[in-house]
Amino acid sequence: MSDRESINGSAERRLGVFKTYKLYVGGKFPRSESGRVYEVTDSKGKWLANAPKSSRKDARDAVVAARKAFGGWSGATAYNRGQVLYRVAEMLEGRKEQFVREVAASEGLSKSKAAAAVDAAIDRWVWYAGWTDKIGQIAGGANPVAGPYLNLSTPEPTGVVAVLAPQKSSFLGLVSVVAPVIATGNTAVVIASADAPLPALSLGEVLATSDVPGGVVNILTGVTAEIAAPLAAHQDVNAIDLTGADAELAKELEIAAADNLKRVRRPQPVDTDGASDSENWLASPGTDRLTAFLETKTVWHPTGALGAAGSSY
């Protein structure tokens with residue numbers, strides 16, 4: 001047998017290399033602390049991959065990573081955060097085909113519809129990148145005061161935000177809830193769609209190779225209720241977005257979140273089949289999610305008395 005025949009024969013017998021999906025926490029790719037995985041299937045029940053099944057310990061580790069990253073990320077200039085978000089869009093553009101395949105398989109969409117969803121997700125990153133240094137101008141400013149004072153209101157990030165990603169829209173919906181959180185200087189602990197987690201885990205790979213500092217976005221997969229419960233009760237989580245929770249779970253999490261007065265963004269009303277993420281993710285997002293996790297700091301400064309010679313300080 002010639003070398004060429006041997007090589008061709010090996011090629012015919014070659015086994016494909018299956019992709020190993022891992023969590024994304026603190027800029028690294030750990031397996032679940034519990035060692036558990038669960039099977040991810042497509043809309044027809046065909047096996048796609050094994051995804052990590054996160055534990056409570058994984059959730060706590062993600063919060064620690066998010067808190068550690070908060071100071072540097074919130075302290076960066078808004079312009080710099082915009083550059084970083086735009087870089088994520090660049091990286092996604094280069095891996096578009098991979099995300100189209102994963103979204104099509106995860107959501108049971110045709111290739112053309114999956115491509116439209118991926119294009120919209122990339123455009124959404126660019127859209128939020130453009131808002132980073134502008135949101136302060138519409139959410140803050142100088143206030144009229146009846147007296148010799150100067151009063152300025154400035155928006156500041158809330159802190160560590162737990163985000164329950166949409167269950168149906170595995171990529172466009174995911175980007176739509178994560179990008180505005182980090183655009184405004186918060187850090188995020190994200191619970192991906194339970195049934196369609198693969199696009200979220202692949203997004204972690206993009207974030208790791210972009211300019212996003214480790215810990216700014218942390219991605220967990222598994223049973224949503226199991227991971228969300230410790231996050232809602234965690235004393236170092238400042239806010240929670242309940243988009244991916246059904247009505248019953250959202251109520252439980254909101255009660256737990258009240259213990260340390262977390263800021264809570266409630267999910268939209270459920271649609272006819274009981275799913276919680278009934279939002280139209282293709283619609284223009286507006287600025288609602290940008291302002292959802294901002295706090296307003298107001299500073300007063302005396303301007304002195306006004307006299308015949310003019311103002312004095």
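Anything mentioned here points back to the structure above.
Here the structure is a predicted model, which means the values were calculated and not measured.

Asker: Looking at this model, I keep getting lost on the environment of Glu107. Mind explaining?
Answerer: Take Glu107: it is sitting in helix 4 (residues 96-107). For Glu107, a relative accessible area of 24% corresponds to the partly exposed category. The spatial distance from the C-alpha of Glu107 to the C-alpha of Gln167 is 10.0 Å, given a sequence separation of 60 residues. Leaving out residues up to four positions away in the same chain, Glu107 has contacts with Lys168, Ser169, Ser170 and Phe171.

Asker: Help me out: how do you make sense of the sheet that holds strand 8 (residues 239-241) in this one?
Answerer: One key point about sheets: their strands pair by backbone hydrogen bonds, in either a parallel or an antiparallel sense. Across the sheet, five strands lie side by side as 7-6-5-8-9; this open sheet has parallel pairing. Either end of the sheet is taken by a strand with one partner, and the two such strands are strand 7 (217-220) and strand 9 (263-265). Put simply, the sheet's adjacent strands are angled 15° from each other on average, direction ignored. Sheet topology note: the strand 8/strand 9 ladder contains three bridges and is parallel. Each bridged residue has a counterpart across the sheet, and for Ala239 the counterpart in strand 9 is Arg263. Helix-sheet contacts for helix 9 (residues 224-233) involve strand 5 (160-164), strand 6 (187-191), strand 7 and strand 8, and the interaxial angle to strand 6 is about 150°.

Asker: What am I meant to see in helix 8 (residues 198-208) here?
Answerer: Counting along an α-helix, one turn takes 3.6 residues, and residues three or four places apart therefore face a common direction. Most of helix 8 sits inside the fold, with ten of its eleven residues counted as buried. Along helix 8, the residues that are buried comprise Leu198, Pro199, Ala200, Leu201, Ser202, Leu203, Gly204, Glu205, Val206 and Leu207.

Asker: Whenever I open this one, the packing of aromatic side chains confuses me. Can you help?
Answerer: To describe a pair of aromatic rings, one takes the distance between the centres and the angle between the planes. Applying the stated rule across the entire model yields five aromatic pairs. On the numbers, 4.7 Å between centres and 20° between planes, the contact of Phe99 with Phe171 is stacked. Of this pair, Phe99 sits in helix 4 while Phe171 sits in the loop between strand 5 and helix 7 (172-183), and the two are 72 residues apart along the sequence. For Phe99, a relative accessible area of 0% translates into the label buried. Look at Phe171 and you get buried, because its relative accessible area is 1%. An angle of 85° between the planes, with centres 5.1 Å apart, marks the rings of Trp127 and Tyr128 as edge-to-face. An aromatic cluster is built from Trp127, Tyr128 and Trp131, whose rings are joined through pairwise contacts. In this structure, Lys19 packs its charged tip against the face of Tyr21, placed 5.2 Å from the ring centre.

Asker: So what exactly am I meant to see when it comes to the sheet that holds strand 10 (residues 294-302) here?
Answerer: Spatial ordering of the open sheet is given by 3-4-10, a layout of three strands whose pairing is antiparallel. The open sheet terminates on both sides in strands that have one partner only, identified here as strand 3 (141-143) and strand 10. Looking at each pair of strands side by side, their axes are set apart by 30° on average, direction ignored. Pairing between strand 4 (residues 149-157) and strand 10: nine bridges, direction antiparallel. Residue Leu152 lies in a different strand from strand 10, and its bridge partner there is Val299.

Asker: What is the right way to read the side chain of Ser193 from this model?
Answerer: The topology assignment puts Ser193 in the loop between strand 6 and helix 8. Using a relative accessible area of 3% as the deciding quantity, one classes Ser193 as buried. A polar atom in the side chain of Ser193 sits 2.8 Å from the backbone oxygen of Gln167.

Asker: Looking at this structure, I do not really get the pairing of strand 2 (residues 47-52). What am I missing?
Answerer: With five bridges joining them, strand 1 (residues 37-41) and strand 2 adopt antiparallel strand pairing. By the bridge assignment, Glu39 is partnered in strand 2 with Asn50. Linking two consecutive strands that pair antiparallel, namely strand 1 and strand 2, is a turn of five residues; a positive phi of about 90° is found at Gly45 within it.

Analysis parameters
- Residues numbered from 1 in each chain as written.
- Predicted model: local features only at pLDDT ≥ 70, side-chain atom pairs only at ≥ 80, totals over all residues.
- Heavy atoms only, no water.
- Helix = DSSP H or I, 4+ residues; strand = E, 2+ residues; numbered from the N terminus.
- Buried < 20%, exposed > 50% of the residue type's maximum accessible area, 1.4 Å probe, protein only.
- Contact = heavy atoms within 4.5 Å.
- Pairing = 2+ DSSP bridges.
- Axes fitted to C-alpha atoms, helices over the stretch in contact; angles between N-to-C directions.
- Phe/Tyr/Trp six-rings, centres within 6.5 Å; stacked < 30°, edge-to-face > 60°.
- Lys NZ or Arg CZ within 6 Å of the ring centre and 35° of its normal.
- Polar contact = N/O pair within 3.5 Å; in protein donor to acceptor, adjacent residues only side chain to side chain.

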